[in-house]
Amino acid sequence: MSPSLHIDELTTVQVGDLIRAGWTTVIVPLGATEQHGPALPLLVDNEHGLQTAMRAARLIGRTLVGPVMTLGHSPEHTHFAGTVSLAKATVAGIIHDIAESHARSGFRLVYFWIAHGGNHSILQEMLPILENKWPGCRVTGLRDIGEYISATWDRVPLREGIPLARSGSHAGEFETSIMLAARPELVRMDRAEAGNPAPFDSICEQMMRDGMEAVSSNGVLGDQRGADAGRGNIYLDALAEYLAAGIRRERGS
Ligand SMILES: [Zn+2]
């Protein structure tokens, strides 16, 4: 048994030994450092990406979790202090270099997990280039973000009795509950607020054109109030099961 599934916490000797013993899949969460409203820290996407990947790695076995890409493409959030947004070309370059490094280490499957929606289109442009670039190493990742959102972010809160107007698509009940489960010390529930409750599809275009501040003055889509750590664990398990199923399909197991 590996002492940790998180590459950042292992020595190079441990990683090398694990790869030689058949631990040849690595999950790379693609996160962001961006505003998540008044109650949540900027690292939300990095944290739920890491927690999801760790839980998925435990589910499927012989899988490690690579360093999280902690900065992403977040131009719609730059009105809000603390947000750091990389250009698309920068993100594409980082994705390439991460894949190349893991291929060189000896991993045979590199799976990129989308923990921030703004990175999705960049990954889709990169996957055909990276897929078979390094002999013996397949590079792939989450492709159908619509199916992913409806199977997890939409379906699971509804099953738990939380309407989408509250669970939200950004910094709402869904992400607040996850943070209460994963990093409660970083959540300011005394500052939790409601944001724009409108369906994401109805405001997405304006948000991408005019910035998040044009559709939500506090940066929340959904409602941070009433979040719950127990539900956060249920959400993380659902995300991990979805990710694990995707990797199992790639491995044919
Ligand atoms: Zn987020």
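Scroll up a little and you will see the structure.
Residues numbered from 1 in each chain as written. Predicted model: local features only at pLDDT ≥ 70, side-chain atom pairs only at ≥ 80, totals over all residues. Heavy atoms only, no water.

Overview of the pairing of strand β4 (residues 138-141)
Point 1. Strand direction decides the pairing type here: strand β3 (residues 109-114) and β4, joined by four bridges, are parallel. Within β4, the position partnered with Val110 by the bridge is Val139.
Point 2. With helix α4 (residues 120-130) bridging β3 and the parallel β4, this β-α-β connection has right-handed handedness. (Pairing = 2+ DSSP bridges. Helix = DSSP H or I, 4+ residues; strand = E, 2+ residues; numbered from the N terminus. Right-handed = clockwise from strand over helix to strand, strands pointing away.)

Notes on the environment of Ile27
Point 1. Mapped onto the secondary structure, Ile27 falls in strand β1 (residues 25-30).
Point 2. Given a relative accessible area of 0%, Ile27 falls into the buried group.
Point 3. Separated by 29 residues in the primary sequence, Ile27 and Ala56 have C-alpha atoms spaced 8.9 Å apart.
Point 4. Residues contacting Ile27, with those up to four places away along its chain left out, are Ala53, Ala56, Ala57, Thr63, Leu64, Val65, Gly66, Tyr111, Trp113, Leu243 and Ile247. (Buried < 20%, exposed > 50% of the residue type's maximum accessible area, 1.4 Å probe, protein only. Contact = heavy atoms within 4.5 Å.)

A look at the packing of aromatic side chains
Each aromatic ring pair is characterised by the separation of its centres together with the angle its planes make.
Point 1. Summed over all chains, the structure comprises four aromatic pairs.
Point 2. Pairing Phe174 with Tyr235 gives two aromatic rings, centres 4.5 Å apart and planes at 20°, and the pair type is stacked. Of this pair, Phe174 sits in helix α7 (residues 173-182) while Tyr235 is found in helix α9 (residues 229-251), placing the two residues 61 residues apart along the sequence. One exposure class covers both Phe174 and Tyr235, and it is buried.
Point 3. Taken together, Trp113, Tyr148 and Tyr242 form an aromatic cluster joined through their ring pairs. (Phe/Tyr/Trp six-rings, centres within 6.5 Å; stacked < 30°, edge-to-face > 60°.)

Brief notes about the sheet that holds β3
Within a sheet, neighbouring strands are paired by backbone hydrogen bonds and run either parallel or antiparallel to one another.
Point 1. Pairing is parallel in the open sheet, where four strands are placed in the order β2-β1-β3-β4. The sheet is open, and its two borders are formed by β2 (63-65) and β4, each paired with just one other strand. Pairwise comparison of adjacent strand axes, ignoring direction, gives a mean angle of 25° for this sheet.
Point 2. Pairing of β1 with β3 involves six bridges; the strand directions are parallel. Within β3, the residue paired with Thr25 across the bridge is Leu109.
Point 3. Across the sheet, α4 is in contact with β1, β3 and β4; its angle to β4 comes to roughly 160°. (Axes fitted to C-alpha atoms, helices over the stretch in contact; angles between N-to-C directions.)

Note that all results are geometric; they support no functional claim without further evidence.
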